[in-house]
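Chain and residue survey
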Amino acid sequence: MTTLIIPGYRGSESGHWQRQWLAEDDTAHLVEQDDWENPVLSQWLHVLEAKLAETPDAVLVAHSLGCVLVSHLASRPSAAHIAGAVLVAPADAERMASQDSKFASFAPLPRYNLGFPSIVVASRNDPYMSFKKAEALAGVWGSGFVDLQHAGHINVEAGFGAWPDGHVLANSLRRPQRDYRPQRAA
């Protein structure tokens, strides 16, 4: 089953756990945006939807602004093709938009049940979203919630390289494969 890796603003730099995941897992594919420096929700959604059309029933593994992208995707018909989503260190697009207009299209943050299995992973000292807001959004989105304590933005700067627990979380969202072999009558 495919995993779609969805970085946030500026993509995930070398050494980031998402880049390591891509290097280690042949079933993982990067959702490569045309312009990581100038995020436009409609353009990013188009790219994500195209990749999801190529790989239906994928598990999405998003970081930062990528989590916000996935939350906006939830209201679109293509969301029916998502097996699940791990949303790591979601960014507060509302606060970011108030500080820099380049993030305006990502605000406001969606506040409805995502409609597919999901897990929000947050940190108590993430500079891009308060822990309380991440926890509240997980509740509204209908997501499970993982508290990584004091893990910063869960990126290279915070000391994260390889992150095996991310694989465990993604695997917990995978739908079991059905066995369609004909059964013998008893």
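The notes below deal with the structure included here.

The subject of this paragraph is unusual backbone geometry. Cis geometry is found at the peptide bond from A107 to P108, where omega equals -5°. One non-glycine residue, D57, adopts positive backbone phi at about 65°. Considering the arrangement of structural elements, one finds D57 in the loop between α2 (41-54) and β3 (58-63). On the accessibility criterion, D57 (33% relative accessible area) is partly exposed. Non-glycine residue Q149 carries a positive phi angle of around 65°. On the basis of relative accessibility, which here comes to 40%, the residue Q149 falls in the partly exposed class.

With that settled, consider the nonpolar core. Generally speaking, nonpolar side chains in soluble globular proteins are found buried as a group. Judged by nonpolar contacts, the single largest core of 41 residues is most densely connected at I6, L60, L69, V70, L87, F106 and F116. Those elements that provide at least two residues to this core are β1 (3-6), α2, β3, α3 (65-73), β4 (82-88), α4 (93-99), β5 (118-122) and α5 (131-141). Setting aside residues no more than four positions away along its own chain, L60 makes contact with L4, I6, L52, V70, L73, I82, G84, A85 and V86.

Right, let's get into the pattern of salt bridges. A complete count under the given rule lists 7 salt bridges for this structure. Among the ionic pairs, R10 bridges to E37, the shortest N-O distance being 3.1 Å. With R10 in the loop between β1 and α1 (17-24) and E37 in the loop between β2 (28-30) and α2, this residue pair connects regions lying 27 residues apart in the sequence. Accessibility expressed as a relative area gives 36% for E37, which makes it partly exposed. One salt bridge in this structure joins D92 and K133, with 3.0 Å as the shortest N-O distance. Pair noted here: D92 is in the loop between β4 and α4 and K133 is in helix α5, with a separation of 41 residues, a long-range link. You can call K133 partly exposed: its relative accessible area is 21%. What emerges from the salt-bridge pattern is a single network uniting D92, E94, R111 and K133.

The element α3 is largely enclosed, with a buried count of 9 among its 9 residues. Among all positions in α3, only L65, G66, C67, V68, L69, V70, S71, H72 and L73 are buried. Considering only its buried residues, α3 is in contact with β1, α2, β3, β4, α4 and α5.

With that settled, the discussion passes to the sheet that holds β2. In space, the 6 strands of this open sheet follow the order β2-β1-β3-β4-β5-β6, with parallel pairing throughout. With one partner strand each, in any of the chains shown, β2 and β6 (144-147) form the two edges of the open sheet. Averaged over neighbouring strand pairs, the angle between their axes works out to 20° when direction is ignored. In terms of strand pairing, β1 meets β2 through 3 bridges, oriented parallel. Looking at the pairing, L4 lines up with H29 of β2.

Quick notes on the rules
- Residues numbered from 1 in each chain as written.
- Predicted model: local features only at pLDDT ≥ 70, side-chain atom pairs only at ≥ 80, totals over all residues.
- Heavy atoms only, no water.
- Helix = DSSP H or I, 4+ residues; strand = E, 2+ residues; numbered from the N terminus.
- Buried < 20%, exposed > 50% of the residue type's maximum accessible area, 1.4 Å probe, protein only.
- Core = buried A, V, L, I, M, F, W, Y, C linked by side-chain atoms within 4.5 Å.
- Contact = heavy atoms within 4.5 Å.
- Salt bridge = Lys/Arg side-chain N within 4 Å of Asp/Glu carboxyl O.
- Pairing = 2+ DSSP bridges.
- Axes fitted to C-alpha atoms, helices over the stretch in contact; angles between N-to-C directions.

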